[in-house]
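In case you want the letters, here they are:
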Amino acid sequence: MTRVAILMGSDSDKPIMDAAVEVLKEFGIDPDVRILSAHRTPDMVQKYITQEAPQKGVRVFIAAAGMAAHLAGAVAAHTHLPVIGVPLEGSALQGMDSLLSTVQMPPGVPVATVAIGKAGAKNAAYLAVQILGVADASLADKFMEFKKTMAETVLKKDKSYGQCH
Ligand code: RP5
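This structure is a prediction, so every number in the text was calculated from the model and none was measured.

What counts and what doesn't
- Residues numbered from 1 in each chain as written.
- Predicted model: local features only at pLDDT ≥ 70, side-chain atom pairs only at ≥ 80, totals over all residues.
- Heavy atoms only, no water.
- Helix = DSSP H or I, 4+ residues; strand = E, 2+ residues; numbered from the N terminus.
- Rg over C-alpha atoms; globule rule 2.2 N^0.38 Å.
- Contact = heavy atoms within 4.5 Å.
- Areas by Shrake-Rupley, 256 points an atom, 1.4 Å probe, with all protein chains shown as cover.
- Near = heavy atom within 4 Å.
- Polar contact = N/O pair within 3.5 Å; in protein donor to acceptor, adjacent residues only side chain to side chain.
- Nonpolar A, V, L, I, M, F, W, Y, C, P; charged D, E, K, R; others polar.
- Expected span 1.5 Å × (residues − 1).
- Buried < 20%, exposed > 50% of the residue type's maximum accessible area, 1.4 Å probe, protein only.

(A) Summary view of the overall build of the protein. Broken down by element type, the protein carries six helices and five strands. Helices and strands in the protein line up, N terminus first, as β-α-β-α-β-α-β-α-β-α-α. Computed over its C-alpha atoms, the radius of gyration of the protein comes to 17 Å, within 12% of the 15 Å expected for a compact globule of 165 residues. The dimensions of the protein, computed from C-alpha atoms along their principal axes, are 60 × 40 × 30 Å. The contacts in the protein between residues at least 6 apart in sequence include a share of 66% that link residues at least 24 apart. Roughly 9200 Å² of accessible area belongs to the protein as shown, and the carbon and sulfur atoms make up 57% of that amount.

In structure tokens, the structure reads:
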């Protein structure tokens, strides 16, 4: 059983999406990671979303793809659960193509789209944790602890920078 599924359009997306897996693991979530493509394996995407994922207890989907990135939209077409889209680089258009094809969803079929590339992969995982935290107080506490540590790290850097100048 797992509460988060990470789908990516190709194994060439994996080096970037490993960052999302890492963040989720820091919060004690071992995601179901699959290579499924909206264009190359459309039937498998539908089968996974409607049959396999519900059996595994998935509550949030993260879908990452590059180029004409329709994976997140295709996932959103088949589920009532929240879908986070990660646009990836890799084409002549440096990810602008995937950003627009992921974010520009029609009304009624939202995809929560994060930044292009690795920063987006990490934020997709953080957002999934925040979504699950709505109904899981211990996960919400862990997220607040993470924010506190992040702030302390910045303050520490500020302090050491100040001493150098
Ligand atoms: C997309 O096309 C994938 O998500 C990937 O980012 C891109 C290129 O795929 P490969 O040709 O590397 O398999 O569907």
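(B) Examining the site of the ligand more closely. Around the ligand, the neighbouring residues are G9, S10, S12, D13, R40, A65 and G66. Between S10 and the ligand, the recorded distance is 2.6 Å, taken from a side-chain N or O atom to an oxygen atom. One nitrogen or oxygen atom from the side chain of S12 is found 2.6 Å from an oxygen atom belonging to the ligand. Broken down by class, the residue content of the shell around the ligand amounts to one nonpolar, four polar and two charged.

(C) Looking closely at helix α2 (residues 42-56). Along its 15 residues, α2 runs 20 Å from first to last C-alpha, staying within 8% of the 21 Å computed at 1.5 Å per residue. Taken together, the buried positions of α2 are occupied by V45, Y48, I49, E52 and A53. Contacts from the buried residues of α2 go to β1 (4-8), β2 (32-35), β3 (60-66) and α3 (71-77). G57 occupies a position one or two residues after α2 and carries a positive phi of about 85 degrees.

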